[in-house]
Amino acid sequence: MASLIKVNLPQQSYDIAIAPGSLDQLGEYMTSLHLGKKVLLVSNPVIFQLYGERAIASLKAASFEVASYILPDGEHYKTLASIENLYNTALENRLERSATMIALGGGVIGDMTGFAAATWLRGINFIQVPTTLLAMVDAAIGGKTGVNHPQGKNLIGAFHQPRLVLIDPDVLQTLPTREFRAGMAEVIKYGVIWDAQLFAELEASQRLDEMGYIQSELIDSILTHSCQAKADVVSKDEKEAGLRAILNYGHTIGHAVESLTGYTQVLHGEAVAIGMVAAGQIAVELGMWTQQETQRQDALIEKAGLPTKLPAGLDIEAIIEALQIDKKVKAGKVRFVLPTQIAAVTVTDQVPADIIRQVLVRM
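An account of the accompanying structure is given in this report. The structure displayed is predicted, hence computed values, not measured ones.

Rules of the game
- Every residue gets a number counted from 1 within its own chain, in the order that chain's sequence is written.
- A pLDDT threshold of at least 70 governs which residues receive local features in this predicted model, and a stricter bar of 80 or more applies before side-chain atom pairs are shown or counted, although totals over entire chains, interfaces and linings include all residues.
- Note that the side-chain values use all heavy atoms of the structure and ignore hydrogens as well as water.
- Throughout, exposure labels follow a simple rule: accessible area from a 1.4 Å probe, protein chains only, divided by the maximum for the residue type, with under 20% read as buried, over 50% as exposed, and the rest as partly exposed.
- The helix count covers DSSP runs of H or I at least four residues long, the strand count covers runs of E at least two residues long, and both are numbered beginning at the N terminus.
- A pair of strands is treated as paired once DSSP finds two or more bridges between them.
- Here is how to tell: hold the view so the strands point away, follow the path from the first strand over the helix to the second, and if it runs clockwise the crossover is right-handed.
- Angles here are taken between N-to-C directions and fall from 0 to 180 degrees, while the axes themselves are lines fitted to C-alpha atoms, restricted in helices to the stretch in contact.
- Only heavy atoms matter for contacts: two residues are in contact if any of them lie within 4.5 Å across the pair.
- Cavities and pockets are defined on a 1 Å grid built over the protein atoms alone: a cavity is a set of grid points where a 1.4 Å probe fits but cannot escape, while a pocket is an open set with protein on both sides within 12 Å along at least five of seven lines, and lining residues are those with an atom within 4 Å of any such point.
- Grid points are joined across faces, edges and corners, and a volume is the space filled by probe spheres set on the points.
- Only Asp, Glu, Lys and Arg are considered charged in this grouping, and only Ala, Val, Leu, Ile, Met, Phe, Trp, Tyr, Cys and Pro are considered nonpolar; every other residue, Gly among them, is considered polar.
- Under this definition, polar contacts are N or O atom pairs within 3.5 Å; protein pairs additionally need one hydrogen-donor-capable and one acceptor-capable atom, and for neighbouring residues in sequence, both atoms have to be side-chain atoms.
- Between Lys or Arg on one side and Asp or Glu on the other, a salt bridge is scored when a side-chain nitrogen of the former is within 4 Å of a carboxyl oxygen of the latter.
- In these notes the angle categories are as follows: under 35 degrees is roughly parallel, over 145 is roughly antiparallel, 65 to 115 is roughly perpendicular, and the rest is oblique.
- Take the far helix as your reference; a near helix turned counterclockwise from it by less than a right angle gives a left-handed crossing, and one turned clockwise gives a right-handed crossing.
- Definition of nonpolar core: a set of buried residues of the types Ala, Val, Leu, Ile, Met, Phe, Trp, Tyr and Cys, connected through side-chain atoms within 4.5 Å.

Digging into the pairing of strand S6 (residues 125–130)
In step 1: Burial analysis of S6 places 6 of its 6 residues in the buried class, the great majority of the element.
In step 2: Residues Asn 125, Ile 127 and Val 129 of S6 are buried on one face, and the alternating residues Phe 126, Gln 128 and Pro 130, pointing to the opposite face, are buried as well.
In step 3: Pairing of strand S5 (residues 100–105) with S6 involves 6 bridges; the strand directions are parallel. Bridge pairing links Ile 102 to Ile 127 in S6.
In step 4: On the question of chirality, the crossover connecting S5 to the parallel S6 by way of helix H4 (residues 107–119) is right-handed.
In step 5: Two strands pair when backbone bridges link them, and S6 and strand S9 (residues 164–167) are joined in this way by 2 bridges, in the parallel orientation. Within the sheet, the bridge partner assigned to Ile 127 lies in S9 and is Leu 164.

In C-alpha cells:
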C-alpha cells in the first residue's frame, strides 16, 4: 500500500507520503523538494541505532551533506535546555536558511526538531519522518512544535509546517507494545471526533493492543484514515482559530495528568486515553452524549490495552488547578472538547468545576 495525502494550506501545502520501505527513499523524496544540500538529522539513541544509518545512507546517496544530533530519549528532556544543545550543533555545522532539519523519531523528537527549525535563523526547512504510531497519525502532521515548561506541557512553541511527512509503516515492527498502544489512543480519538467508518473498523477488530495481532489491511486503514482526518482539519484551520481545537479531545485532562506525574510515569497516549474517558463522562453528565456511546468508546480504549483510570494517588484538586494553566484556557475558562455522537464533538467552556470533580472522583 502507498498513499499520498495532501495538507492544503494557504502558504505552504505539503504531502504526507505513506509507503512501506520509504525510509530508504528519503533522499529521493527530499530531492524532489529542491532543498539546500545541508541536512541535520535529529533522533534519539534508540531510533538512531535502528534506523539512523539507513536514513543517512539514503540522504548521502542523493548528495546531501548530513550531520546528526542525538537527543536523550523521553518527554522529560523536551526542554529549552535540549533545544539550546540542538542550536549549538546547528551552529557548528553552519546550517544556513536553505538547510533542513529532519526529525527521525516519535512525537518528542518531532516537536523539538520542529521548534528548533522554526526558530533557527527565524525558520528553516523541516521534514518529519515519524517512527511511532502516535507520531505518524498525529504529532508529525500539522506544524505544532514546542517544548514543555515545568508548569505545563507544550507551553513554549510555534506553528511551523514541515515540507514533507514521510511515513514508513514497516518501522512499526520495532515499536514497543506500550508505545503502540499509546498511539492507538490518538487513532481512537479520530474515530470519536471525525470518522465513523474508522470507529466501526476499530470496533470490528478482535484486538487493538498489539501490532502482531492486527491485520496489515487494518494498519493501512488506520494510517490513511487518521492522517486524512488530521490533514482535513489542519487544512481548514491551520493555527487553531476554531475547528482544529477538536483535535484536543482527551488532551485537556490528559495534559494535566502528564504534568502532575512529571512526564515520566504516563505516556502521552495513555494520558489522552484517560482524558477521553473523563471527557466522555463529562458529556454524559451534561446530557450531551449517551451512556451507551461512552461505553462504546471506553470499550475501544480497553481493547487497545490503554488505561481508563487515573494514576493512583493523583490529587483531584491538583488536576483541577492544573487545568487553569492549560494553553487552551481562554479568558480564564477551561475549554473542553466533548462528544455529541460518534464522529461529532463540540468545544465548550461551560463545564462546571463540580462536574469535572465528580467525574474525576469516580475515576
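Thoughts on the sheet that holds S9
In step 1: Reading across from one edge, S1-S2-S9-S6-S5-S3-S4 is the order of the 7 strands in this open sheet, with mixed pairing throughout. Two strands close off the open sheet at either side, each with one partner strand: strand S1 (3–7) and strand S4 (65–70). In this sheet, adjacent strand axes meet at a mean angle of 20° when their direction is disregarded.
In step 2: By the bridge criterion, 6 bridges tie strand S3 (residues 38–43) to S4 in an arrangement that is parallel. Bridged to Val 42 within S4 is Tyr 69.
In step 3: Sitting on the sheet, helix H2 (residues 45–61) is in contact with S3, S4 and S5, with an inclination near 160° to S3.

Brief notes about empty space enclosed by the protein
In step 1: Per the stated rule, a full pass over the model turns up 4 cavities of 30 Å³ or more.
In step 2: Considering only enclosed or pocket space, the largest cavity measures out at about 100 Å³ in volume.
In step 3: Gly 152, Lys 153, His 255, Ala 322 and Asp 326 are the residues nearest the centre of the largest cavity, which is lined by 13 residues in total.
In step 4: Of all the secondary structure elements, the ones that give two or more residues to the lining of the largest cavity are strand S8 (152–159), helix H9 (251–260) and helix H12 (316–323).
In step 5: Top element by residues in the lining of the largest cavity is H9. It accounts for 4 residues.
In step 6: Class assignment for the residues of the lining of the largest cavity results in 5 nonpolar, 5 polar and 3 charged.
In step 7: For the second largest cavity, the calculated volume is near 40 Å³.
In step 8: Considering the residues around the second largest cavity, the lining is formed by Asn 248, Gly 250, His 251, Thr 252, Ile 253, Gly 275, Ala 279, Phe 336 and Val 337.
In step 9: Counting only elements with at least two residues in the lining of the second largest cavity, the list comes to H9, helix H10 (268–285) and strand S10 (336–341).

Some thoughts on the side chain of Gln 161
In step 1: With respect to the helices and strands, Gln 161 occurs in the loop between S8 and S9.
In step 2: Classification of Gln 161 as buried rests on a relative accessible area of 8%.
In step 3: Separated by 2.8 Å, the side chain of Gln 161 and the backbone oxygen of Gly 142 make a polar contact.

A closer look at the pattern of salt bridges
In step 1: One pass over the structure, following the stated rule, counts 16 salt bridges.
In step 2: Between Asp 15 and Lys 6 there is a salt bridge, with its nearest N and O atoms 3.2 Å apart.
In step 3: Residue classification places Asp 15 among the partly exposed residues on the basis of a relative accessible area of 22%.
In step 4: Looking at Lys 6, the relative accessible area reads 41%, which means it is partly exposed.
In step 5: A salt bridge links Glu 240 to Lys 144; the shortest N-O distance between them is 2.4 Å. With Glu 240 in the loop between helix H8 (216–236) and H9 and Lys 144 in strand S7 (residues 144–149), this pair connects stretches of sequence that are 96 residues apart.
In step 6: The partly exposed category is assigned to Lys 144, whose relative accessible area is 29%.

Comments concerning the packing of helix H3 (residues 80–92) against H4
In step 1: Between H3 and H4, the shortest axis-to-axis distance is 10 Å and the interhelical angle comes to 60°. As judged from the angle between their axes, H3 and H4 are oblique. The hand of the H3/H4 crossing is right-handed. Residues Leu 80, Ser 82, Ile 83, Leu 86 and Tyr 87 of H3 pack against Met 112, Phe 115, Ala 116 and Thr 119 of H4.
In step 2: When grouped by side-chain class, the residues that make up the contact of H3 with H4 number 7 nonpolar, 2 polar and no charged.

Side note on the nonpolar core
In step 1: Among the nonpolar cores identified, the biggest contains 100 residues, and Ile 16 and Leu 133 are the most heavily contacted of them.
In step 2: Top element by residues in this core is H10. It accounts for 10 residues.
In step 3: In this structure, Ile 16 is in contact with Ser 3, Leu 4, Ile 5, Val 7, Ile 141, Val 165, Ile 167, Cys 227 and Ala 231, ignoring residues within four places of it in sequence.

Considering the layout of surface pockets
In step 1: Estimates place the volume of the second largest pocket at around 210 Å³.
In step 2: Every residue lining the second largest pocket is listed: Leu 9, Gln 11, Gln 12, Ile 124, Asn 125, Phe 126, Phe 159, His 160, Gln 161, Arg 163, Glu 238 and Lys 239.
In step 3: Along the lines of polarity and charge, the residues of the lining of the second largest pocket split into 4 nonpolar, 5 polar and 3 charged.

Quick look at the pairing of S9
In step 1: The side-chain alternation of S9 yields two buried faces, one formed by Leu 164 and Leu 166 and the other by Val 165 and Ile 167.
In step 2: Bridge count for strand S2 (residues 14–18) against S9 is 4 bridges, and the pairing is parallel. Bridge pairing in S9 links Ile 18 to Ile 167.

Read these as spatial facts, not as claims about activity.
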